[in-house]
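Topology and contacts: notes
Okay, here's what each chain looks like letter by letter:
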Amino acid sequence: MEKIRTLRGFRDIFGEELGKFKRIEQAFRKYSARFGFREIELPILEKTELFVRSIGDTTDIVEKEMFTFMDAGGDSLSMRPEATAGMVRSYLQEGLYATERMTKVCTIGPMFRHERPQKGRYRQFHQIDVEVFGVKEPLVDAELILLVRMLLDELEIRRYRIEVNSVGCKMCRESFRRILIDFFETRKDELCGDCLRRLEKNPLRIFDCKNQQCIGVTADSPLLFDSLCEECKDHFDLFRQYVAGFGVDIEVNKRLVRGLDYYTKTVFEITSDDLGAQKAFIAGGRYDNLVEEMGGPATAGIGFAVGVERLAMLLPPGEAEPGTECFFAGIGDRARDYLTTLLKRCLTEGIPLRYAYEAKSLKAQMRYADNLKCGFVLILGDDEIDRGTITLRDMTGKSQDELPLDADTIVNTLKKRLSGQAPALSTRDG
Ligand code: ATP
Ligand code: MG
C-alpha cells in the first residue's frame, strides 16, 4: 500500500532541529520574562475577517497565502498566518485596554501560509511573537531592539544586521502616495503584474516586491523616509538615540517596508547573509492605528515576530551529551525481577536507566548499550546475585567495579559517577 506523507510544505520536526527549537524557546522565555512579557496561547483558527481587516486585503498574505475554508455552518475561517491579528483580537476581547495601563504579551506557535515551499519557507512554520499595547513613546521601540539583541547574544548568534526604517503615519503616507504614483506611472512598463495592481491600491507595497526589475525601479524612486512629518521624524530620531544608548548597532534602510498593511512609523528586520534568499529571520514594527481599526479605543502598538525555523538555521549544532545514561543488563529471571525494583528507584531519583525489554544474551545487551551511547552499564546475573553484588562497568574508561546489591548504594554511586564526581575505585580491564 502507498505510504501517506505530510502535505507539501508541512514537516515533522525532531532530533537536532527540535533541540534547536527548544534552545530558542528557553532563551526567549528567559528574556521575555525579564522584560516583563507574559505568555499567552491563542487559537490557530480564527474568522477570516480578522486577518483581512488587520493584515490588509492588498497584501500577499491575504491575497494568496491564507489557508481559508468554509466550516459546516457557512462561516469563512482561516488558519492564522501570523500572530499580531489574534493578539489584538484577544486584547480587545479580554478588555485589557480598560484594566491595564500598558500590556506586554508574547506567544509561541505554528503559523500557516500557502506559499511555494523552499529553503526557509514552509506552509506550516513557527513564530515567537511579542506585542506591546498602549505605549506610543519610542523608548519601547528601542527596548524591543534590545530584547532582540539580548536574545541573539544568548544564542551566540553574531552575524546579522538590524535594518530599520520609518513608514510614517497615515498623514505622511497619504501626502506621499501621489508623489509615488506619479513616479511609478513613468516607469510602468518595467513593473511586474502584481506591482501594476499595487500601484493603484497601495503603491508602497511595490517596495516589498522580490522581482529584480521592480527592485531596480524602486532604486530610483523618491522615498517616504525623506518626506516624513515632523512628529514621525522626531519619533525616529529619538528611537535611534535610545538604541544608541543601549549600545546596539542598527542600519537605516530607507527602502524597507513590511508585507503587512498595519505598520506605522518604526519598522525593522533582522537579516543574515547566512540564510540565503530568505534572509529575514525577525521582523516587526509599530502599528499605532490597528487597535482602533479593529474596533477598540485608539491605542498604540508595536511588536515583532521571530521566524523560528530560520533562527534555528543560524544556530550551531547542539552538543550531544553521550554517556549521561545508564544501562541495566540482566541475565536470567532473578535479574529481571530485580530490575523492576531498581528501575523505579532510578527513575524517581533522576537516573535515566535503559534496558532491553526482551531477554537477550549479555553480548547483545552490551551492544545495545553501546548503540544507546550509555556511559555506564550495570550487569546482573545469577553469579552476582548469589554473591550479593552487581557489576558497574564504565563504558568510556572500560573499567569496572563490584557494588553491593543494594538499591541505595547503586543509586548513590550512579548519581556520583554520572555527574563525574567520583572516579572508579578499583580498576580492571573490561
Ligand atoms: P518573507 O519576506 O520572507 O516572506 P514576511 O515579510 O512574509 O517574510 P513576516 O510576515 O514579517 O514575514 O513574518 C516574520 C518572520 O516569519 C519572517 O521574517 C520569517 O523569518 C518568518 N516567516 C514568514 N513566512 C515564513 C514561511 N513561509 N516559512 C518560514 N518562516 C517564515
Ligand atoms: Mg512572506
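Remember, it's a predicted structure, so these values are computed and weren't measured experimentally.

What follows covers the layout of surface pockets. Looking at the second largest pocket, its volume works out to about 620 Å³. Every residue lining the second largest pocket is counted, 28 residues in all, and those nearest its centre are R173, N202, L204, D261 and Y263. Put simply, the parts of the chain that give the lining of the second largest pocket at least two residues each are α2 (48–55), α7 (170–186), β9 (264–271) and α11 (290–293). Counting residues per element, the lining of the second largest pocket draws most heavily on α7, at 6 residues. Tallied by class, residues from the lining of the second largest pocket come to 11 nonpolar, 6 polar and 11 charged.

A few words now on the pairing of strand β6 (residues 124–133). Each regular strand shows side chains that alternate between the opposite faces of the sheet. Within β6, 9 of the 10 residues are buried, which leaves it mostly tucked inside the rest of the structure. Examined bridge by bridge, strand β5 (residues 103–112) and β6 share 10 bridges and lie antiparallel to one another. Looking at β6, one finds that V105 is bridged to E131. Sheet analysis places β6 next to strand β11 (residues 301–307), joined by 7 bridges and oriented antiparallel. Looking at β11, one finds that I128 is bridged to V306.

Right, let's get into the site of ligand 1. Of all residues adjacent to ligand 1, which total 15 residues, the nearest are R113, E115, R121, Y122 and R258. Here an oxygen atom of ligand 1 and a side-chain polar atom of K210 are 3.3 Å apart. A distance of 2.9 Å is found between an oxygen atom of ligand 1 and a side-chain nitrogen or oxygen belonging to R310. Bound to the protein, ligand 1 loses 91% of the 580 Å² it would expose on its own. Those elements that provide at least two residues to the shell around ligand 1 are β6 and β10 (280–286). The biggest single contributor to the shell around ligand 1 is β10, with 3 residues. Residue classes in the shell around ligand 1 are distributed as 6 nonpolar, 3 polar and 6 charged.

What follows covers unusual backbone geometry. Its identity as a non-glycine residue notwithstanding, E156 has a phi of 60 degrees, on the positive side. Checked against the element boundaries, E156 lands in the loop between α6 (138–154) and β7 (161–166). A relative accessible area of 56% means that E156 is categorised as exposed.

Okay, the domain arrangement of the protein chain next. Structurally, the protein chain comprises domain 1 (15–169 + 229–314) and domain 2 (326–428). Computed over C-alpha atoms only, the centres of domain 1 and domain 2 are separated by 50 Å.

Okay, the side chain of H126 next. Structurally, the position occupied by H126 is in strand β6. A polar contact is formed between the side chain of H126 and the side chain of E309, at a distance of 2.8 Å. The contact partners of H126, leaving out residues within four places of it in the chain, are I13, F21, G109, P110, V306, G307, V308 and E309.

With respect to the secondary-structure elements, K188 resides in the loop between α7 and α8 (193–201). Owing to a relative accessible area of 39%, K188 belongs among the partly exposed residues under this scheme. In this structure the C-alpha to C-alpha distance between K188 and C214, which are 26 residues apart in sequence, comes to 9.8 Å.

By the element assignment, A300 lies in the loop between α11 and β11. In this structure the C-alpha to C-alpha distance between A300 and I351, which are 51 residues apart in sequence, comes to 51 Å. Residue contacts for A300: discarding those within four places in its chain leaves V132, F133, G134, V135, K136, R286, Y287 and D288.

Going through the model one piece at a time under the given rule, you end up with 14 aromatic pairs. Considering the side-chain rings of F10 and F112, the 6.3 Å spacing of their centres and the 35 degrees angle between planes classify their relative orientation as tilted. You can see F10 sitting in the segment before α1 (15–34) and its partner F112 sitting in strand β5, a full 102 residues away along the chain. Ring geometry for F225 against F236: centres 5.3 Å apart, planes inclined by 85 degrees, an arrangement best described as edge-to-face. In this pair, F225 sits in the loop between α9 (212–218) and α10 (230–245) while F236 sits in helix α10, placing the two residues 11 residues apart along the sequence. Assessed through its relative accessible area of 16%, F225 is described here as buried. A relative accessible area of 2% places F236 in the buried class. Against the face of F37 rests K104, its NZ or CZ located 5.3 Å from the ring centre. In this structure, K360 packs its charged tip against the face of Y368, placed 5.8 Å from the ring centre.

Basis of the calculations
- Residues numbered from 1 in each chain as written.
- Chains lettered and ligands numbered in written order.
- Predicted model: local features only at pLDDT ≥ 70, side-chain atom pairs only at ≥ 80, totals over all residues.
- Heavy atoms only, no water.
- 1 Å grid on protein atoms, 1.4 Å probe; cavity = no way out; pocket = protein on both sides within 12 Å on 5 of 7 lines; lining within 4 Å.
- Points joined across faces, edges and corners; volume = space filled by probe spheres on them.
- Helix = DSSP H or I, 4+ residues; strand = E, 2+ residues; numbered from the N terminus.
- Nonpolar A, V, L, I, M, F, W, Y, C, P; charged D, E, K, R; others polar.
- Buried < 20%, exposed > 50% of the residue type's maximum accessible area, 1.4 Å probe, protein only.
- Pairing = 2+ DSSP bridges.
- Near = heavy atom within 4 Å.
- Polar contact = N/O pair within 3.5 Å; in protein donor to acceptor, adjacent residues only side chain to side chain.
- Areas by Shrake-Rupley, 256 points an atom, 1.4 Å probe, with all protein chains shown as cover.
- Domains from an automatic or database assignment.
- Contact = heavy atoms within 4.5 Å.
- Phe/Tyr/Trp six-rings, centres within 6.5 Å; stacked < 30°, edge-to-face > 60°.
- Lys NZ or Arg CZ within 6 Å of the ring centre and 35° of its normal.

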